[in-house]
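Listed below, chain by chain, are the residues.
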Amino acid sequence: MRFDLAPLEGVTDFTFRTALCRFFPGADRCYSPFIAANQTCSMKTREKKDVAPEHNSGVLLVPQILTNRADVFVWAAKEMAERGWTTVNLNLGCPSATVFTHGKGAGFLSDPSRLDAFFESVFETVPDGIRVSVKTRIGIEDAKEAPALLEVFNRYPLDELIVHPRLRKDFYKGKPDLDAYRLFYEGCRGNLTYNGDIFSAADLEALLHVFPRTCRVMIGRGAIRNPAVFRMLRGGAGPDAGELMRFHDEVLAGRMEDLQGFANTAGKMKEQWFYMGSLFEHADRYLKAVKKARTLEAYRAAVRALFENCRLAAC
Ligand SMILES: Cc1cc2nc3c(=O)[nH]c(=O)nc-3n(C[C@H](O)[C@H](O)[C@H](O)COP(=O)(O)O)c2cc1C
């Protein structure tokens, strides 16, 4: 079974990924949050830094690109190949309004014929040796959109099709639509990866019960909540408080250096706690203090209090 870390914009930056792979090995590959490759074929400094090989040591990275232009995608794919990353992923899932209204991310799913033309052009021009994969939702408003999308995906030699079985209108609410996923499970001609709401070995077991041929799973929030999830899915131990604290401290220190201070680091750490908080029992008041911390000292004290006073929940 292959397990990959999903991209989470704002959380799974290079600091998080390298610390995860060092403290909790088990993810086969890590996806970068999307790089919004723009029409002038340039990347932001932050995006360049995030995919730089020297910032991803110990990580097998799959950079993700957000665009609806084949020429821009191919440009970005070459940029990634120059850095040594030979698989590049297209984001067809981002539900956010700004992305969606520009016909990118999940917005690109609205027009399967345009998507078809995009892939035709990409596969005509992308250099040999660069593999192209796709991460998609099952549609925008209705799962009935899925067959037309699968038909397009099946026409091209995708390295992999990662399906998050929610609609754009669902954002991350409700349950993944496993009935709609069956269409991909039965009809996808290439490698298929499942993504969505896998938080524990029991969740994986339930998925395998319904889809026994599953051999690739991508995990996002489950790995932010519990960084040991990949190890556990491989039959290993759950997290212990000590290693979790060392992992947290490494991420904090890395971001403090990268983002030059607590003001820029705080938001990312607090977003991480939004997921990781539920790993601790009876932690509400301690998490509140973490959220309220305005200085590095206050933040550190709040985190220390949480680790000292709250037990890890069974996971
Ligand atoms: C805060 C946040 C940021 C995300 N950023 C990205 C992104 O940059 N690219 C992407 O393909 N998906 C992104 N996603 C979606 C996740 O990769 C994943 O598909 C989703 O969370 C479902 O998987 P999970 O249940 O394992 O978390 C994001 C999700 C969240 C909650």
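Residues numbered from 1 in each chain as written. Predicted model: local features only at pLDDT ≥ 70, side-chain atom pairs only at ≥ 80, totals over all residues. Heavy atoms only, no water.

The subject of this paragraph is the overall build of the protein chain. Each helix and strand counted, the protein chain has 14 helices and 9 strands in total. Relative to a compact globule of 315 residues, whose C-alpha radius of gyration would be 20 Å, the protein chain shows 20 Å and is just as compact. With respect to the three principal axes, the spread of C-alpha positions in the protein chain is 55 × 45 × 30 Å. Buried positions account for 54% of the 315 residues belonging to the protein chain. Excluding contacts between residues fewer than 6 apart, the proportion of contacts in the protein chain whose partners are at least 24 apart in sequence is 73%. In the structure as shown, the protein chain presents an accessible area of about 14,200 Å², 51% of it carried by carbon and sulfur atoms. One way to put it: in the protein chain the 43 positive side-chain charges average out to a point 4 Å from where the 39 negative ones average out. (Helix = DSSP H or I, 4+ residues; strand = E, 2+ residues; numbered from the N terminus. Rg over C-alpha atoms; globule rule 2.2 N^0.38 Å. Buried < 20%, exposed > 50% of the residue type's maximum accessible area, 1.4 Å probe, protein only. Contact = heavy atoms within 4.5 Å. Areas by Shrake-Rupley, 256 points an atom, 1.4 Å probe, with all protein chains shown as cover. Lys, Arg positive; Asp, Glu negative; His and termini not counted. Charge placed at Lys NZ, Arg CZ, Asp CG, Glu CD.)

A word on the domain arrangement of the protein chain. Its domain assignment divides the protein chain into domain 1 (2-233) and domain 2 (241-309). Taken residue by residue, the interface counts 19 residues in domain 1 and 16 residues in domain 2. Interface area for domain 1 against domain 2, summed over the two sides, is near 1,700 Å², with a carbon-plus-sulfur share of 62%. The largest share of the area that domain 1 buries against domain 2 comes from Thr15, Phe23 and Arg225, three residues that together contribute 31% of it. (Domains from an automatic or database assignment. Buried area = accessible area lost by both parts, 1.4 Å probe.)

A separate point is the side chain of arginine 2. Note that arginine 2 resides in strand 1 (residues 2-5). Within polar-contact distance, the side chain of arginine 2 engages the side chain of glutamate 160 at 2.7 Å. (Polar contact = N/O pair within 3.5 Å; in protein donor to acceptor, adjacent residues only side chain to side chain.)

Read across the open sheet, the 9 strands follow the order 3-2-1-9-8-7-6-5-4; overall the sheet is parallel. Both edges of this open sheet fall to strand 3 (61-62) and strand 4 (64-65), since each of them pairs with a single strand only. The pairing of strand 1 with strand 9 (residues 216-219) spans 4 bridges and is classified as parallel. Directly across from aspartate 4, in strand 9, lies its bridge partner methionine 218. Where helix 7 (residues 178-187) meets the sheet, it contacts strand 7 (160-163) and strand 8 (192-195), and its direction lies at approximately 165° from that of strand 8. (Pairing = 2+ DSSP bridges. Axes fitted to C-alpha atoms, helices over the stretch in contact; angles between N-to-C directions.)

Before going further, it helps to spend a moment on the nonpolar core. Of all hydrophobic cores here, the largest spans 100 residues; its most connected members are Phe119, Phe153 and Leu161. Broken down by element, this core gets its largest block of residues, 7 residues, from helix 3 (residues 70-82). Here this core spans two domains, since at least three of its residues come from each of domain 1 (2-233) and domain 2 (241-309). Once you skip the residues sitting within four places of it in the chain, leucine 161 turns out to touch Val134, Thr136, Leu150, Phe153, Phe184, Cys188, Asn191, Leu192 and Thr193. (Core = buried A, V, L, I, M, F, W, Y, C linked by side-chain atoms within 4.5 Å.)

With that settled, consider the pattern of salt bridges. Per the counting criterion, the structure on display carries 21 salt bridges. Close ionic contact of arginine 29 with aspartate 4 constitutes a salt bridge, the shortest N to O distance being 3.7 Å. With a gap of 25 residues between them, arginine 29 in strand 2 (residues 29-31) and aspartate 4 in strand 1 connect regions that are remote in the sequence. Just as arginine 29 is buried, aspartate 4 falls in that class too. Connected through shared salt-bridge partners, Arg2, Asp4, Arg29, Glu160 and Arg216 make up one network. (Salt bridge = Lys/Arg side-chain N within 4 Å of Asp/Glu carboxyl O.)

As for its position among the elements, threonine 15 is in helix 1 (residues 14-23). Overall, the relative accessible area of 6% leaves threonine 15 in the buried class. Threonine 15 has contacts with Glu250, Val251, Gly254, Arg255 and Asp258, leaving out every residue within four places of it along the chain.

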